[in-house]
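# Fold and contact review
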Amino acid sequence: MTWPHKDLLDVSQLSRADAVEILRAAKSFQEINSRPVKKVPILKGKSVILFFAEPSTRTKTSFDVAGKRLSADTFSLQKSGSSLVKGESLKDTVLTLQAMKPDAIVMRHNMSGAAQFIAERLECAVINAGDGWHAHPTQALLDAFTLTERWGDVQGKTVLILGDIAHSRVARSNVRLLTLLGAKVRLCAPKTLLPYAVSNWNVPVFSDLDEAVRGVDAIMCLRLQLERQQAGLLPDVREYSRRFCMTIPRLSKAAKHAVVLHPGPINRGWEIASDLADAHESLILDQVASGVDVRMALLHLYLTRKERKE
Amino acid sequence: MSQADLVVRSAALADNPQASVDLFVAKGRVLALVPTGSRPLPESAKSVDASGLLLLPGLTDVHVHLREPGQEWKETIATGLAAAAKGGFVNVMCMANTDPVNDQASITETMLDKAARSHPKGPRLFPVGALTVGLEGKTLAPMEELKAAGCKAFSNDGRPVADTELFRRALEYASDLGIPVIDHCEDPHLAPASGINEGVVSARLGLRGHPCAGEAIQVARDCLLAEYLGVPIHLAHISSKMSVDVIRQAKAKGAPVTAETCPHYLILTDEACETYDTNAKVNPPLRTREDQRALLAALEDGTIDALATDHAPHAAHEKETPFDEAPNGISGLETALSVTWGLVARGELSAKALVSAWCVRPAEIFALPLNRFQEGDPADFILFDPAARWTVTAQSLVSKGKNTPLLGRELTGLVKSVYVAGKNTLLTRESS
């Protein structure tokens, strides 16, 4: 198919057919990652700049691995090593990068809308690797891929997103994508960690985890940041974990064969019990593996878009 | 009686467009406003044909940021007053958050000197002095000195005073001097100046929102203090229904509060931020349609006394950043009357309320020159073409601040002439 999008800023840009196409492509690239020699030449000669203005282990390495396995040249830039720390504006930094003629810039930034801001100013593809509290489309796609791998399809399944919804780009993108793919989504968090206008998201919201978890097929835990306690949004981590830590006994109230996800990095004992994180119901490492498959698919779709059109 | 030296012929009054009038002016003051042709034209008088145009008293803007001294790349007193003249303003009150802050007479005097030199024929500049030294909210500014230098009000605008005890003392001290206090109503703990309303749009965009309660709580504090102390407070740039409700209750009890809102709150909602458009980032933020309706009703019934632009110019590169990084503010002097006249044309606001809110009430509240078209009033007036259409572009604005979400939008209604004390400051339509 001809890929219609220049940039990937959020899953809200994608139609259901687009999302299905990405998951289908990810499946086709999965096989490459199990070969003894994990490299194919389909993006040879393409260059991808990985511009991460925020710390990242999984996403950055995953894009790097994905690009290299497709033979693209990947270049890493971090905020601390960029002229941003000298006071250069984001606009000037990315225009400088574009002048080096990359085929794509993968960017993570701490400000919501930063990916859209640069996409409006750059000719190359922009892939959002997380912007502020706004969106993390590749995480949502890899989560959907992970669940699809487990279930065959997410249609009709119920997914609980648990934890700091208000400040989570992962939650925002997952609510949109999972709903688009036909899953039923519900949320559970203390009110201090919910967006003010969450009622407009049209999904059930719970404050009692034992009630929220009842009958669900998957629980997606989110990372709790200590700064939320410092900002007065929570009494302390101990109380948070009493109310909202996902545990094996709580999982027993979910549907049979229910699974647990977490985008990482995890705080064992805060948002997910350590034994559950390591249990067979945990898909945390499957998510990491899916991340490479999905990002290979995305790089392929976005970097060969022009050739396809021509 | 003096002989008229200027006659404006065949104008229509903004709030009574069927009536054609002639305005006689002598030595910078109104001599008479009479039905067209009812009084002979003196041969020696300059005559202006105003047929097809509306005649309004000059507009007063009690809330602008002129950025000088300190941030002249955004605006200067000269460019800001030029923008004010183009917008139809004859009186302009500029806020104290310059660099250095206007908290001493020498700064006030410098501002007035620059205004007199760049715009000797007006618009007139009336500086607002700082309420606290450096706007830091710790020590009262030397208000008597600032008054003597020419300040017409005091305000901590931009950095609201969170310490209620200090704010109370500032109100008492200012009232001794007979000078009103303007408060920027924002609980700085509840409502960080994020530039977007807390609601559906902020939740979707992943931006921290500014709750309307953060404004209304401070409005309530101010209303209670005004009532308790019996001293006036003017509430700046009110943006929400919740605040309007509080002000209405306070006024009903007789609290000496007055309030203003701005054109952008009347025609835009937080949906203008949907694309992370930093030109729509303003503090307080654009709210909802429900808030708009409440503000319009409050203007109509006088709960909101005045309109003000909160003209806040910024350089293009300062706004060309991600939303969170961009400074708050909309450049508003030149679009203000066209935008609000559009509300009149659509029947959402009466012409009477518009004239009251732009011309009469702000001048009354701050004891500034006021033209009611009575004999002896200052001949401050504008001629406005209600049918002229123009498109807002960076090139069409004389302000250095091109930061408006209205860029590219066609507006109806254009200021053709601005007279300050009988002198045309625009010189576009005068004939002799």
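Preceding this paragraph is the structure being described.
Residues numbered from 1 in each chain as written. Chains lettered and ligands numbered in written order. Predicted model: local features only at pLDDT ≥ 70, side-chain atom pairs only at ≥ 80, totals over all residues. Heavy atoms only, no water.

## A look at the pairing of strand β2 (residues 16-26) of chain B
One face of the sheet, then the other: side chains in a regular strand alternate in exactly this way. Residue and element names in this part refer to chain B. Note that strand β1 (residues 6-13) and β2 share 6 bridges and pair antiparallel. Opposite Leu13, over in β2, you have Asn16 as the bridge partner. Where β1 folds back on β2, the antiparallel hairpin that results is connected by 2 residues. Note that β2 and strand β3 (residues 29-35) share 6 bridges and pair antiparallel. Looking at the pairing, Leu23 lines up with Leu33 of β3. (Pairing = 2+ DSSP bridges. Helix = DSSP H or I, 4+ residues; strand = E, 2+ residues; numbered from the N terminus.)

## Remarks on helix α12 (residues 284-303) of chain A
Spanning 20 residues, α12 of chain A covers 28 Å between terminal C-alpha atoms, matching the ideal 28 Å at 1.5 Å per step. Summarising burial for α12 of chain A: 16 of the 20 residues are buried, a large majority. (Expected span 1.5 Å × (residues − 1). Buried < 20%, exposed > 50% of the residue type's maximum accessible area, 1.4 Å probe, protein only.)

## Regarding the sheet that holds strand β2 (residues 73-78) of chain A
All names here are of chain A. If you trace the 4 strands from one edge of the open sheet to the other, you get β2-β1-β3-β4, paired in parallel fashion. Looking along the sheet, the strands with just one partner apiece sit at the ends: β2 and β4 (125-131). Across this sheet, the average inter-strand angle for adjacent strands is 15°, counted without regard to direction. (Axes fitted to C-alpha atoms, helices over the stretch in contact; angles between N-to-C directions.)

## Some words on the packing of aromatic side chains
Per the counting criterion, the structure on display carries 5 aromatic pairs over all chains. Plain terms: the ring middles of Trp3 of chain A and Tyr302 of chain A are 5.7 Å apart, the flat faces sit at 75° to each other, and that makes the pair edge-to-face. Taken together, the positions of Trp3 of chain A in the segment before α1 (16-30) and Tyr302 of chain A in helix α12 put the pair 299 residues apart, joining distant regions of the chain. Judged on exposure class, the residue Trp3 of chain A and its partner Tyr302 of chain A are both buried. Both rings, one in Phe89 of chain B and one in Trp358 of chain B, keep their centres 5.4 Å apart while their planes meet at 80°; by these two values the pair is edge-to-face. Linking Phe89 of chain B in strand β7 (residues 89-94) with Trp358 of chain B in helix α12 (residues 351-365), this pair joins segments that are 269 residues apart in sequence. The pair Phe89 of chain B / Trp358 of chain B is uniform in exposure class, with both members buried. Stacked on the ring of Trp151 of chain A, the Lys or Arg Lys157 of chain A has its end atom at 5.2 Å from the ring centre. (Phe/Tyr/Trp six-rings, centres within 6.5 Å; stacked < 30°, edge-to-face > 60°. Lys NZ or Arg CZ within 6 Å of the ring centre and 35° of its normal.)

## Notes on the nonpolar core
Within the largest apolar cluster, 116 residues are counted, with the highest numbers of intra-cluster contacts made by Met93, Leu125, Phe154, Leu235, Ile238, Leu354 and Trp358 of chain B. The greatest single-element share of this core, amounting to 10 residues, is contributed by α12 of chain B. Listed in part, the 94 residues of the second largest apolar core include Leu160, Val203, Ile272 and Val294 of chain A. (Core = buried A, V, L, I, M, F, W, Y, C linked by side-chain atoms within 4.5 Å.)

## With respect to the interface of chain A and chain B
Contact residues are listed per partner, giving 20 residues for chain A and 16 residues for chain B. The largest contributions to the chain A side of the interface with chain B come from Met111, Ser112 and Tyr196 of chain A, which together make up 30% of the buried area. Here chain A is connected to chain B by 2 salt bridges. In this structure, Arg121 of chain A engages Glu320 of chain B in a salt bridge whose closest nitrogen and oxygen atoms are separated by 2.9 Å. Listing elements by their share of the side of chain A that touches chain B, those giving two or more residues are α3 (90-98), α4 (114-119) and α6 (169-180) of chain A. For the side of chain A that touches chain B, the leading source of residues is α4 of chain A, giving 3 residues. Taken together, the residues of the side of chain A that touches chain B break down into 9 nonpolar, 5 polar and 6 charged. (Contact = heavy atoms within 4.5 Å. Buried area = accessible area lost by both parts, 1.4 Å probe. Salt bridge = Lys/Arg side-chain N within 4 Å of Asp/Glu carboxyl O. Nonpolar A, V, L, I, M, F, W, Y, C, P; charged D, E, K, R; others polar.)

## Section: the packing of helix α7 (residues 241-252) of chain B against helix α9 (residues 289-301) of chain B
Residue and element names in this part refer to chain B. At their nearest, the axes of α7 and α9 sit 8 Å apart, and the two run at 30° to each other. Here α7 lies roughly parallel to α9, going by the angle between them. Facing Lys241, Val244 and Arg248 of α7, the residues of α9 in contact are Glu290, Asp291, Ala294, Leu295, Ala297, Ala298 and Asp301. Within the contact of α7 with α9, the residues separate by chemical class into 5 nonpolar, no polar and 5 charged. (Parallel < 35°, antiparallel > 145°, perpendicular 65-115°, else oblique.)

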